[in-house]
Structure formats: structure tokens, C-alpha cells
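Residues per chain, in single letters:
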Amino acid sequence: MVTEGGANAAAPARRDPGRPAFLELFFDLAYVFAMISLVKTLAADVSWTGFGETLVLLLAFTLVWALTAWAADTLDLARPAVQVQFIGVAAASVLLAAAAPDAYDGRGLLFAVTYLAIHLGSSVYYLLLGQSAAEPRRSGRIFVWYTIAAIGWIGGGLATGPTRLLLWAATVAMEYAAASLGWPLPRLGRSQPQEWRLVGERVAERYRQFVIIALGASIFVMGTTFSLSEYTMDRAGALLVVFTIVVLTWRIYIYRAGELLTEAIARSTNPTLLTQSAAVTHLIMVAGIGGMAVTSHLVLMRPFGETPPSWAAVILGGPALFLVGRGVLDYTVFGRISRSRLVGLVLLAGVAPAAGLLPPVVVALLDVSILALIAAANLMSTHRHARTPAPPALG
């Protein structure tokens, strides 16, 4: 029998380093809201300009999420000071997401200042809080690079029209280039793998959670769109179609590579490079899932009628982008790309010319058919042979 304060009192259970802490899952809730905001932003302007604007915002949100997730590997999340910082970033992320729909209108400066405050504030906080000897070098590099990025973000926030998009796009491209190179600086060099102390199992689990964030946002969008629209049998059928797309997307994601990513990272001769590759592939997949969430909104608003070219691009492009990311994940884990991903992309491209002649819900049904074929091929492949991770070319 265990009694409070007794000799046999159980010691506090230590968190499994391979699993996300509850604090991280709470932090992710802010990014469910962020994904919903981005979907609404694109749904309000389904055009090439709208695609570009939403992509820039998605890349910005992803950097905040990724840097916070990676930093958690080097921090003790049980410390109250660390918890305060995580909650602060979550609160700022909610403000960032709230500003996103009007980021290219009246709230551009608010978005830019909030975004910079997250990065610069986190860097300073980690410098003061970090217990690792590598922390000053890592956070110092990031702080300097975001001081430079502030020129583009603030300049874009003060600009109007296409200039804002161009400045922000150039700045976020610079941020990704700097991150991929390890935020290099004179004398300080670039960030080294040992500075991050990444745990393969935990990183893989966080990437999977990133996909769950996007899928959760998709379900929220379809549910709210349906509930706020007039009920008709057409919309009820469309709801079934778009929900099936989400289910098939989840099923295709978790098949084999999604499950074996942890083992692939552990076996890789260059786990840091493999981790970075997995980050890119998950970003591509999340972008595709975001496109499918926009599809849910469009199809439920108008199941039948004309399908403008921009709508067809979203309805077919979302699954295509997801399959591109999923194919690269196959290569990351197995060193090869599944034929079913390539066949799916060919089929999506094949039906594209006819999409403008079909109602939106029928185009979405084509998505369902192609994704269902891929899921079925995955299932048959599972029964035929077991596949284990193989060191890919980048490993």
C-alpha cells in the first residue's frame, strides 16, 4: 500500500523522452486554430495570389512550430519557467493566427510584429534560461538572423498591395535558407547537430502530431461549414464525400513509412539530415491537407454547379501535394518511392482537364476514388510483404 509521504511513496514518474509532453500537446491547440485561419484565408480568395499569400503565412507558422518543437528537446518541460515560455508562445501564436486572415490588409503590421516577437523573444528567453553550453551559440545565431529578417517583415507590414507579399515571401525564403544552413554567422559558424540533442522517437511523434493538427483543422472546417449552411441532401452527401477524403488521407499517411519513421531516424548514419528531410516532407503534406480543408469548404458551400479553374486546382491539387510529400517520406524511410503514389499523381493529372466540366462534388468524388485505390494498394502490399527501413541516399 502506498501512502502519502510514506517510505513506500512512489517517486514522480519521469516523462518518456520519446513522447510529447502534455505541455506540447496544449501548445499544438494554438496551431489547430492557426490552420483553421489559414484555410479561411485561402477560401476567401481562391486565386494564384491567394495561394501565394497563404503559403507565405503557412511557412511562417511552420517555422514557429518547428523551432519550438525542436527546442523542447533541450529544455526541461517540467520547469515552471519553461512552461511560462511555452504558454507565452502559444498565446502569441493565437494572436498571430487571429491576425492571419487580414495579414494582407489592415493587420499586416500586427502580424509582422507578433511573428518577430515570438522568435526574438524566444531566443532571448532561451539565452537566459538554457542550461546547455550550446544554448548561447544556437539562440544567438537565431536572434541575429531574425534581427535581419525584421527588416523584411516590418517593411512588408508597412507596405501595401503586392509589395507586402513580395517582401514577406523573400524574407521567409531567407529564413528557410538560413535554417537549412544552420543559421551561419562569422566566427560563430553554423549550428551543429549536437546543439539540438534531437530524440528520434520524439521528433517523429511531433511530426505525426503536425499532421494531426492539419487533419483536425480539416474536420473543424467541414463541420462548421456544414452547420452554418442550409441543410440539403446535396450538402449531406457532400459532407460524406469530404469526410471520406480526410479518412483516406489519414490512412495513407500512417501506412508503413509514417509508422517506421522513428526506426529510420535511429538507423540513419546522418539522423540530423534525415530529421530535416522529414520536416520538409511533413510541411508539404500539411500544405496538401490544408488544400483539402479548403476543398471541404468549397464543396459544402456549392456541391453542384460550375467548377472554376481555381476551384479545380484546389480540389485536385490538395491530394496531389499530399501525395508528393508522402512519396518523399517513402524515400526518406525506405530509399524508394511507392508506385501507388506516382500512379495517384498521374490519375489526378489525367482527370484535371475534365474537372471544369464537372460539379465540385463530382471532382471531389474523383479524389475519393483515387485515394481509395492508393489505400487499397497499400493494404495489399502489407499482406504481400513486410517492409523495413532502408538507409536512403540522404541518410
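All values derive from a computational prediction rather than experimental measurement. (Residues numbered from 1 in each chain as written. Predicted model: local features only at pLDDT ≥ 70, side-chain atom pairs only at ≥ 80, totals over all residues. Heavy atoms only, no water.)

## Some points on the overall build of the protein
In step 1: Tallying secondary structure elements over the protein gives 13 helices and zero strands in all.
In step 2: Listing every helix and strand of the protein by position from the N terminus yields α-α-α-α-α-α-α-α-α-α-α-α-α.
In step 3: A burial count over the protein gives 51% of its 395 residues as buried.
In step 4: Once local pairs closer than 6 in sequence are excluded, the contacts in the protein between residues at least 24 apart make up 79%.
In step 5: By element, 68% of the accessible surface of the protein is carried by carbon and sulfur atoms, the whole surface being about 17,700 Å². (Helix = DSSP H or I, 4+ residues; strand = E, 2+ residues; numbered from the N terminus. Buried < 20%, exposed > 50% of the residue type's maximum accessible area, 1.4 Å probe, protein only. Contact = heavy atoms within 4.5 Å. Areas by Shrake-Rupley, 256 points an atom, 1.4 Å probe, with all protein chains shown as cover.)

## A look at helix 2 (residues 48-71)
In step 1: Between its first and last C-alpha, helix 2 extends 35 Å over 24 residues, near the 34 Å set by a 1.5 Å rise per residue.
In step 2: Burial analysis of helix 2 places 19 of its 24 residues in the buried class, which makes it a mostly covered element. (Expected span 1.5 Å × (residues − 1).)

## Side note on the nonpolar core
In step 1: The biggest cluster of nonpolar side chains holds 114 residues, and the ones touching the most others in it are Tyr31, Phe61, Phe86, Phe111, Trp153 and Trp168.
In step 2: When residues of this core are assigned to their parent elements, the largest contribution, 14 residues, is made by helix 2.
In step 3: Ignoring sequence-local partners within four residues, the contact set of Phe86 consists of Leu23, Glu24, Phe27, Thr68, Ala72, Leu75, Leu77 and Tyr126. (Core = buried A, V, L, I, M, F, W, Y, C linked by side-chain atoms within 4.5 Å.)

## Description of the environment of Ser229
In step 1: Within the secondary structure, Ser229 sits in the loop between helix 7 (200-228) and helix 8 (233-254).
In step 2: Its relative accessible area of 14% is what places Ser229 among the buried residues.
In step 3: Sequence separation between Ser229 and Leu300 is 71 residues; the distance between their C-alpha atoms is 8.1 Å.
In step 4: Those residues in contact with Ser229 that sit more than four places away from it in its chain are Arg235 and Met301.
In step 5: There is a polar contact of 2.6 Å between the side chain of Ser229 and the backbone oxygen of Thr225. (Polar contact = N/O pair within 3.5 Å; in protein donor to acceptor, adjacent residues only side chain to side chain.)

## Structural notes on the packing of aromatic side chains
What characterises a pair of aromatic rings is the spacing of the ring centres plus the angle enclosed by the ring planes.
In step 1: Going through the model one piece at a time under the given rule, you end up with 13 aromatic pairs.
In step 2: Between Phe27 and Phe86, the aromatic rings sit 5.9 Å apart at their centres with planes inclined by 65°, giving edge-to-face as the arrangement. Highlighted residues: Phe27 in helix 1 (residues 22-44) and Phe86 in helix 3 (residues 80-99), separated in sequence by 59 residues. You'll find Phe27 and Phe86 in the same group, each marked buried.
In step 3: Relative to Trp168, the ring of Trp153 has its centre 5.1 Å away and its plane inclined at 40°; by these criteria the two rings are tilted. Here Trp168 lies in helix 6 (residues 162-180) and Trp153 lies in helix 5 (residues 135-158), a separation of 15 residues in the sequence.
In step 4: Its relative accessible area of 0% is what places Trp168 among the buried residues.
In step 5: Put simply, the rings of Phe27, Tyr31, Phe61, Phe86, Tyr104, Phe111, Tyr115, Tyr146, Trp153 and Trp168 pair up and form one aromatic cluster. (Phe/Tyr/Trp six-rings, centres within 6.5 Å; stacked < 30°, edge-to-face > 60°.)

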